[in-house]
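Secondary and tertiary structure notes
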Amino acid sequence: ELYMYINNSDARSLQDMSTVGTADFGKFFTVNVKVRDGENPSSLQAAQKEIKDLGYHSLSVKETQAFLNQAIGILQAVVVTFGAIAVVASIFGIINTMYISVLQRTREIGLMKALGMRWRDVGRLFRFEAALIGLFGGLIGTGLSFFAGFIGNPAIRKAIDYDDNLIIFEPLQVGVLIIILIFVSILSGWMPSRKAAKLDPVEALRTE
């Protein structure tokens, strides 16, 4: 059991036995109070007010849970911030990669247009390549995350003596994340794809 309920005299005896001969003898630092109908917020608040009126500090389990949820929310915000920074950096990386690809394949683009490929198709080709970058990036990142969770979960369970996994992956969330990455990659490659689509085939073929 997490808690053992005993009467006041036995609790005092146990406390005195554990602190005899020390400066803490006869002192009590915390007391657990079980409130009748404690699930009722009004009953809980009334009991807390009564305890505080006696000059003691009161902290309920619900308040502790709220504090922990707030701490977890702050950690999540920090993780989301770092994730947003990584996404912004990846956007510029994709734009840079696609522009370099356009410059390196200028003659190839000119040849495709000379053979009858429409400018819309050229743009779609480069946007498709950008989407592949997002897809493979998402798959690689997801794979590394699954591997980290596979290694980390047993270590965390052992460290805190907990039975369930704390690092959990939801297939739906993973799929939505990959789709978002593909969409972001397509948007990042939009400008380079327009540049490729607007290249003059004659000038492109003359490029060394």
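Higher on the page you've got the structure.
Our focus in this paragraph is a nonpolar patch on the surface. A cluster of nonpolar side chains, contributed by Met4, Ile6, Leu14 and Met17, occupies part of the molecular surface with about 450 Å² of accessible area. Among the structural elements, Leu14 can be located in helix H1 (residues 8–19). With a relative accessible area of 46%, Leu14 lands in the partly exposed category.

Under the criterion given, the structure shown has 1 aromatic pair. Look at Phe146 and Phe169: their rings are 4.5 Å apart centre to centre, the planes differ by 40°, and that puts the pair in the tilted class. Taken together, the residues span a long stretch of sequence, with Phe146 in helix H5 (residues 119–160) and Phe169 in the loop between H5 and helix H6 (171–188) at a distance of 23 residues. For Phe146, a relative accessible area of 40% translates into the label partly exposed. On the accessibility criterion, Phe169 (29% relative accessible area) is partly exposed. One Lys or Arg, Lys34, reaches over the ring of Tyr5 and ends 5.4 Å from the middle of that ring. It is Arg127 that lies over the ring of Trp190; its NZ or CZ is 4.4 Å from the centre.

Cut-offs and rules
- Numbers given for residues are sequential positions, taken from 1 along each chain in its written order.
- Whole-chain, interface and lining totals are the exception, using all residues; otherwise, since this is a predicted model, local features are given only for residues with pLDDT of at least 70 and side-chain atom pairs are given and counted only at 80 or more.
- Side-chain measures here rest on the full set of heavy atoms in the structure, leaving out hydrogens and waters.
- Patch members must show over 30% relative accessible area and no salt bridge, and they are joined within 9 Å when carrying like charges or within 5 Å when they are nonpolar side chains of Val, Leu, Ile, Met, Phe, Trp or Tyr.
- In short, Shrake-Rupley with a 1.4 Å probe defines the accessible areas, and a residue's cover is counted only from the protein chains shown.
- Each salt bridge in this description consists of a side-chain nitrogen of Lys or Arg and a carboxyl oxygen of Asp or Glu lying within 4 Å of one another.
- For the purposes of this entry, the term helix denotes a DSSP run of H or I that reaches at least four residues, the term strand denotes a run of E that reaches at least two, and both are numbered from the N terminus.
- Remark: exposure states derive from per-residue accessible area (1.4 Å probe, protein chains only) relative to the maximum for the residue type, with buried under 20%, exposed over 50%, and partly exposed in between.
- Working definition: rings of Phe, Tyr and Trp (its six-membered ring) pair if their centres are within 6.5 Å, and the pair is stacked with planes under 30 degrees apart, edge-to-face with planes over 60 apart, and tilted otherwise.
- Think of it as a cone above the ring: NZ of Lys or CZ of Arg counts as a charge over the ring if it is within 6 Å of the ring centre and within 35 degrees of the ring normal.

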